[in-house]
Amino acid sequence: MCIAIVSASSIATHCPYCALQCGIHLLPEPGGLRVEPNAHFPVNKGGLCVKGWSSAAVLTHPDRLRTPLIRQADGTFAPASWDEALQCIASRFSATQRAHGRDAVGVFGGGSLTNEKVYLLGKFARVALGTSNIDYNGRFCMSSAAAAANKAFGIDRGLPFPLADIAEATTILLVGGNPAETMPPIMQYFEAQQRHGGRLIVADPRRTATAQWAGLHLRVRPGTDAALANGLLHVLIRDGLVDDRYIAERTLGFDDARRMAAQYWPERTERITGVPEATIIEVARALGTTPRPMIITARGPEQQAQGVNNVLAFINLALALGAVGRPGSGFGTLTGQGNGQGGREHGQKADQLPGYRSITDPAARAHMAAIWNVPEAEVPGPGRSAFELLDALGTEVRALLVVGSNPVVSAPDASRIERRLASLDTLVVSDFFLSETARLAHVVLPSAQWAEEGGTMTNLEGRVILRRRSQPPPDGVRTDIETLCALAAALGRGAWFRHEREGEVFEELRRATAGGPADYSGITYDKLDAHDGIHWPCPAPDHAGTPRLFADRFPTPTGKARFHATPHRDIADPCSTEYPLRLTTGRVLAQYQ
Ligand code: SF4
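These numbers come from a predicted model, not from an experiment.

Undergrad: Looking at this structure, I do not really get the overall build of the protein. What am I missing?
TA: Scanning the protein from N- to C-terminus turns up 22 helices and 22 strands. Each of the three principal axes of the protein carries a C-alpha extent, and together these read 70 × 55 × 50 Å. Expressed as a percentage of the 593 residues in the protein, the buried residues total 59%. Within the protein, counting contacts between residues at least 6 apart in sequence, those at least 24 apart form 71% of the total. Just so you have it, the protein exposes about 22100 Å², and 52% of that area is on carbon and sulfur atoms. Each charge sign in the protein was given a centre, from 60 positive and 60 negative side chains, and these centres are 3 Å apart.

Undergrad: How should I be thinking about the sheet that holds strand 19 (residues 455–458) in this particular structure?
TA: Strands sit in the order 19-20-21 across an open sheet of 3 strands; the sheet is antiparallel. Bordering the open sheet on either side are strand 19 and strand 21 (534–535), each of which pairs with just one other strand. With 4 bridges connecting them, strand 19 and strand 20 (residues 463–467) associate as antiparallel partners. Its bridge partner being in strand 20, Thr-456 is matched across the sheet by Leu-466. Against the sheet, helix 3 (residues 115–129) makes contact with strand 19 and strand 20, and its axis sits at roughly 95 degrees relative to strand 19, the strand it touches most.

Undergrad: Is there a simple way to explain helix 7 (residues 187–195) in this structure?
TA: Three- or four-residue spacings in an α-helix give side chains the same orientation, since the helix completes a turn every 3.6 residues. Taken residue by residue, helix 7 has Met-187, Tyr-189, Phe-190, Ala-192 and Gln-193 as its buried positions. Against the buried residues of helix 7 lie helix 5 (164–168), strand 8 (171–175), helix 6 (179–182), strand 9 (199–203), helix 8 (209–213) and strand 12 (293–297). Immediately downstream of helix 7, the backbone of Gly-197 shows phi near 95 degrees, a positive value.

Undergrad: Help me out: how do you make sense of the pairing of strand 6 (residues 105–109) in this one?
TA: Working note: regular strand, side chains alternate between the two faces of the sheet. Along strand 6, 5 of the 5 residues are buried, which leaves the element largely enclosed by surrounding structure. Where burial is concerned, the two faces of strand 6 agree: the one with Val-105, Val-107 and Gly-109 and the one with Gly-106 and Phe-108 are both buried. Sheet topology note: the strand 6/strand 16 (residues 399–403) ladder contains 4 bridges and is parallel. Bridge pairing in strand 16 links Gly-106 to Leu-400. Sheet topology places strand 6 next to strand 7 (residues 134–136); 3 bridges connect them, and they run parallel. Within strand 7, the residue paired with Phe-108 across the bridge is Asp-135. This β-α-β element, strand 6 to helix 3 to strand 7, shows right-handed connectivity.

Undergrad: In this structure, what is going on with the packing of helix 12 (residues 266–273) against helix 13 (residues 277–288)? I would like to understand it.
TA: Contact geometry for helix 12 and helix 13: axes closest at 8 Å, N-to-C directions at 110 degrees. In terms of axis orientation, helix 12 runs roughly perpendicular to helix 13. Judged by the twist between their axes, the crossing of helix 12 over helix 13 is right-handed. On helix 13, the residues touching Pro-266, Glu-267, Thr-269, Glu-270 and Thr-273 of helix 12 are Glu-277, Ile-280 and Ile-281. Across the contact of helix 12 with helix 13, the residue classes break down as 3 nonpolar, 2 polar and 3 charged.

Undergrad: Which parts of the structure should I look at to understand the pattern of salt bridges?
TA: A full pass over the atoms with the stated rule returns 25 salt bridges. The salt bridge involving Arg-139 is made with Asp-351; its shortest N-O contact spans 3.2 Å. Taken as a pair, Arg-139 in the loop between strand 7 and helix 4 (143–153) and Asp-351 in the loop between strand 13 (330–333) and strand 14 (352–353) lie far apart in primary sequence, 212 residues in all. For Arg-139, a relative accessible area of 24% translates into the label partly exposed. By relative accessible area, which is 37% here, Asp-351 ends up partly exposed. A salt bridge links Glu-378 to Arg-493, with the nearest nitrogen and oxygen atoms 3.9 Å apart. Of the two residues, Glu-378 is situated in the loop between helix 16 (362–372) and helix 17 (386–391) and Arg-493 in the loop between helix 20 (480–490) and helix 21 (502–513); the sequence distance between them amounts to 115 residues. The partly exposed category is assigned to Glu-378, whose relative accessible area is 44%. The structure contains a network of salt bridges with shared partners spanning Glu-29, Arg-34 and Glu-36.

Undergrad: I keep staring at the nonpolar core and nothing clicks. Help me out?
TA: Within soluble globular proteins, side chains that are nonpolar tend to cluster in buried spots. Residues Phe-124, Phe-153 and Leu-173 are the most contacted members of the largest nonpolar core, which totals 118 residues. If sequence neighbours within four positions are ignored, Leu-173 has contacts with Ile-201, Leu-218, Leu-232, Leu-287, Met-294, Ile-295, Ile-296, Phe-314 and Leu-317. In terms of nonpolar packing, the next biggest core, distinct from the first, is built from 40 residues, Tyr-17, Phe-161, Ile-186 and Leu-334 among them.

Undergrad: Please explain unusual backbone geometry as it appears in this structure.
TA: As a rule of thumb, non-glycine residues mostly have phi less than zero, and peptide bonds are mostly trans rather than cis. The peptide bond linking Trp-536 to Pro-537 adopts the cis configuration, its omega dihedral lying at 0 degrees. For Pro-537, the location among the structural elements is in the loop between strand 21 and strand 22 (561–562). With phi around 60 degrees, Asp-413 is a residue other than glycine that occupies positive phi space. Secondary-structure assignment places Asp-413 in the loop between helix 18 (407–410) and helix 19 (414–422). Looking at Asp-413, the relative accessible area reads 45%, which means it is partly exposed. The residue Asp-532 is not glycine, and still its phi comes out positive at about 55 degrees. Counting through the fold element by element, Asp-532 comes out in the loop between helix 22 (525–531) and strand 21.

About the thresholds
- Residues numbered from 1 in each chain as written.
- Predicted model: local features only at pLDDT ≥ 70, side-chain atom pairs only at ≥ 80, totals over all residues.
- Heavy atoms only, no water.
- Helix = DSSP H or I, 4+ residues; strand = E, 2+ residues; numbered from the N terminus.
- Buried < 20%, exposed > 50% of the residue type's maximum accessible area, 1.4 Å probe, protein only.
- Contact = heavy atoms within 4.5 Å.
- Areas by Shrake-Rupley, 256 points an atom, 1.4 Å probe, with all protein chains shown as cover.
- Lys, Arg positive; Asp, Glu negative; His and termini not counted.
- Charge placed at Lys NZ, Arg CZ, Asp CG, Glu CD.
- Pairing = 2+ DSSP bridges.
- Axes fitted to C-alpha atoms, helices over the stretch in contact; angles between N-to-C directions.
- Right-handed = clockwise from strand over helix to strand, strands pointing away.
- Parallel < 35°, antiparallel > 145°, perpendicular 65-115°, else oblique.
- Left-handed = near helix turned anticlockwise from the far one by under 90°.
- Nonpolar A, V, L, I, M, F, W, Y, C, P; charged D, E, K, R; others polar.
- Salt bridge = Lys/Arg side-chain N within 4 Å of Asp/Glu carboxyl O.
- Core = buried A, V, L, I, M, F, W, Y, C linked by side-chain atoms within 4.5 Å.

Keep in mind these numbers describe shape, not what the thing actually does.
Right under this line is the structure:
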């Protein structure tokens, strides 16, 4: 049961940053708000990292934007009224679409937006602008893990089991994740696992804080993750440690994976990965002889050109062990961004409609056309994914609306992205601060922050939680929901966007997701209040949600999960005399993203 109030003036809400979505209390103090951890919220249980402790400070930061800005002929920004800014945007977007077609205006979102904003941004692109070109920064984050889960399991939910299962696992292999620094409160589950006698093995090129803490560290060479997984599968098969019955009854394609794994005998795997042969055998046997094995991946193996292949290789392992769908075991991936999960479910992806539906599915298109009250033929088809969208800026895409993202900093090849953005006819950015991307804009819109608007987020275990509005935005600042509805009206599409508050958007989102893979139709704000969140799918008002997926079947046409052949491929750009350094992605404790 959620304890919403700890004192007359405190508000129970959630940290705005990572996908753990720790429960916090906000308490008023002179000049702003103070953060206290919520000891009763079952995810963080009173734990909080430095990002959460300091999260209220950005609300009162002196550099916050408080008025719309329009770029002048001399290149400087001048303050403008909201009416002036919205009319300016509408007229520039309309002119671009008249001259170059509807797809010439694009939309770029983010993985930290609430589900309501994600949903409304997708609707805005397709119903107000009529463009197919909408995508978001999550494509650079864990899209490869999402694609792999869809291919193998038929659905993508980062952890398809509750966090509590981590504490029950007897052996965990964590690949390319550093939660001791990125989301420290989650470590209480790993600590509990070790107290119960469990073992944690970490594979990571760096000796991270998590690797130092683990019982065994596999210092895998960057870019050789699939080879490591294949080598482990080789030993499991060779030593008779796979779950033959599970493989026969619940999976397809094992023969392909077996043939492929035959080529990764331990000596060869050592040569590729740098992990000693004896250690590979030790880890395979640790996984193959333990009652509840668990495999977790994160950005290490995922943020690579062959990320999907890498994740599928570790899913092969979990399936061969018969671990997926059993309590206290299985396969999962640690989501990073605050709403990285919900952000990829409700329609801000170029190929997707709300509820994790495909935009090419005729039934899904008809369903959404009815919800949006538009002819089905007017719902655009698939557009450009994030990389393709950013690559087309200044050519096929000549105007862009950016909401909740800073691609100049977070997209690969930053200087190229900067040049592309600078070449646009119109760039509009909605943000709290004059970010590196906003500095290039023609129009900047000041946006409300996390504590100044309500809405839902979906954490790394698929738990939908309610983030309460704790205080109004500063004068002159609007929520993105207000902005999108007003901009739709300026574009002549206001009749489709009569959403006063986030609750009205969520009611439409519920209907939109009904029957889809990510079904939120049985979730209400009242239920979220009463139960500390609900795990999707939740298809009916009297449904309690689904903390653990795959108990009996997989949501694939056959009901079975699928193995894949996942050969190791050398990285695309190996070290050379000219480029002798190997760089890899990583995160630090004190900063988000
Ligand atoms: Fe919790 Fe993540 Fe916020 Fe840290 S950043 S307090 S781990 S939600």
